[in-house]
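Reading the structure
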Amino acid sequence: MKKIQMVDLKGQYEPIKEQVNRSIQEVIDTTAFINGPEVHGFQKELEEYLNVKHVIPCANGTDALQIAMMGLGLKPGDEVITADFTFAATVEVIALLQLTPVLVDVNPYGFNIDVEAIKRAITPKTKAIVPVHLFGQVADMDAIMEIADEHNLFVIEDNAQGIGANYTRRDGSKVKTGTIGHVGSTSFFPSKNLGCYGDGGAIFTNEDDLAHTLRGIVNHGMYERYHHDVVGVNSRLDSIQAAVLRAKLPHLDTYNAKRRESARKYTERLKDHDKITTPLICDVCDCHVFHQYTLRLKDCDRDGLVKHLNSKDIPCGVYYPIPLHRQKAYTDSRYNEADFSVTNQLAKEVISLPMHTELDDEQIAYICDSILEYLNA
Ligand SMILES: *Cc1c(COP(=O)(O)O)cnc(C)c1O
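Residues numbered from 1 in each chain as written. Predicted model: local features only at pLDDT ≥ 70, side-chain atom pairs only at ≥ 80, totals over all residues. Heavy atoms only, no water.

**Regarding the site of the ligand**
What counts, and what does not: Being near a molecule or strand, for a residue, comes down to having at least one heavy atom within 4 Å of it. Whenever two N or O atoms come within 3.5 Å, that pair is a polar contact, provided that in protein one can donate a hydrogen and the other can accept it, and provided that, for residues adjacent in sequence, both atoms are side-chain atoms. The method behind every accessible area is Shrake-Rupley, applied with a 1.4 Å probe, and residues are considered shielded solely by the protein chains displayed. Gly is put with the polar residues, along with every residue not named as nonpolar or charged; the nonpolar set is Ala, Val, Leu, Ile, Met, Phe, Trp, Tyr, Cys and Pro, and the charged set is Asp, Glu, Lys and Arg.
Surveying the vicinity of the ligand reveals the residues N60, G61, T62, T86, F87, A89, V132, D158, A160, Q161, S187 and K192. T62 places a polar side-chain atom, nitrogen or oxygen, 2.5 Å from an oxygen atom of the ligand. Here an oxygen atom of the ligand and a side-chain polar atom of K192 are 2.9 Å apart. In isolation the ligand exposes 380 Å². Once the protein is present, 91% of that is buried. Taken together, the residues of the shell around the ligand sort by class into four nonpolar, six polar and two charged.

As structure tokens, this is what we get:
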């Protein structure tokens, strides 16, 4: 059996090696390292893939979130509601811009921001909601957009873990995640579903004026060379990363289908155990792209299971072991523990299994057998 990895980037590279190498070599040959044709080409191809009017490439997914918030003109003291159960980048940029993060609980079935908790957290100072499509599972976007419309709030989708996912709206139409809110962001960190070979990110929007503003912000606030109209940042996707992404984008749907297939196989083997809750999989839509395959464990020594799996050469992850409202940097005396019952529970129960595009049946069977062996011991 091949050695099991949490993410197998080498295995994914092998079949596209020639094209990736050729594209990188071309960038070197033309020395168009910054803002070269590869970046522009990737931007256009991603706009087409997502069916969104504007893609603004930038340096990483954290910048993408920050720039999105800057572009919306959010001001210090504005409250921004986001999920307590996510990677810290989401809340970090809110705090960094001196906006007020308002963390709320998530729902237990999809691990995503809880719609009722959003409603309870809205105050006259609320300006935006940041849903995160955590682990590749789409948040309840129709409901979130409705709340936003009603209260005149911006919606910024953190799509770092959800790229390529389809969301089926109530009217039956399908849209790509990241293009539903006023603005969306993603990360091309190597282990993400569409990863480059370094850092990268992008912002999406259908609004022309906002896109124009964002294009200036990523480039030092310049709309005309050496005229700085707003305070901006330097956040660029470099041409070598764009070349890698152009080679990989045509495979994204296949990559996500492979992840979904592995998820189904895991679920098939694990769903009947009374100590395990497998992730929600919708049979009729492809709304989950399984950035992570995350189980909930009941009456189980999770750390013991992690050790057991590691001892059998099976890597696994705990995303995320500490809710954000309990992180030193983000505690707030206004928070009440009782409002975070789901996140507090999830932080104790979750475990993420190896998930990538190169998993094979033998590996999945071995991982499942090893988990069941521990739980039944
Ligand atoms: C990875 C990630 C980010 C940040 O992306 P970087 O490219 O690493 O800056 C933001 N939000 C979520 C949910 C992520 O998973």
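**Details of the side chain of S262**
Stated precisely, the cut-off is as follows: Elements are defined by DSSP. Helices are runs of H or I of four residues or more, strands are runs of E of two residues or more, and each kind is numbered from the N terminus. Only protein chains enter the area calculation, which uses a 1.4 Å probe; residues under 20% of their type maximum are buried, those over 50% are exposed, and those in between are partly exposed. Every residue pair with non-hydrogen atoms within 4.5 Å of one another is taken to be in contact.
Secondary-structure assignment places S262 in helix α10 (residues 252–270). The exposure class assigned to S262 is buried, which follows from its relative accessible area of 5%. The residues touching S262, leaving out its near neighbours within four places in the chain, are M355, H356, L359 and I364.

**A look at the UniProt feature "active site" (unreviewed entry) in the chain**
Filter applied, for reference: UniProt positions are given in the numbering used here, feature names are shortened, and annotations may be inferred rather than shown by experiment.
As recorded in UniProt, the sites labelled "active site" (unreviewed entry) are K192. As for its position among the elements, K192 is in the loop between β8 (183–187) and β9 (201–205). For K192, a relative accessible area of 16% gives the class buried. Those residues in contact with K192, other than ones at most four positions away along the chain, are A160, S187, R259 and H291.

**Overview of the sheet that holds strand β5 (residues 154–158)**
Hydrogen bonds along the backbone pair up the strands of a sheet, which may run parallel or antiparallel. Quick reminder of the rule: If DSSP finds at least two bridges between two strands, the strands pair. Think of each axis as a best-fit line through the C-alpha atoms, taken over the contacting stretch in the case of a helix, with angles from 0 to 180 degrees between the N-to-C directions.
Strand order across the open sheet formed by seven strands is β1-β9-β8-β5-β4-β2-β3, with mixed pairing between neighbours. Among the strands making up the open sheet, the edge pair consists of β1 (54–58) and β3 (100–104). Averaged over all neighbouring strand pairs, the angle between strand axes comes to 25°, with direction disregarded. Where strand β2 (residues 79–83) meets strand β4 (residues 126–130), four bridges bridge the pair, whose relative direction is parallel. Its bridge partner lying in β4, E79 is registered against T126. Sheet contacts for helix α3 (residues 37–50): β1 and β9; angle to β1, the most-contacted strand, approximately 135°. Lying on the sheet, helix α4 (residues 61–71) is in contact with β1, β4, β5, β8 and β9; it crosses β8 at an angle near 165°.

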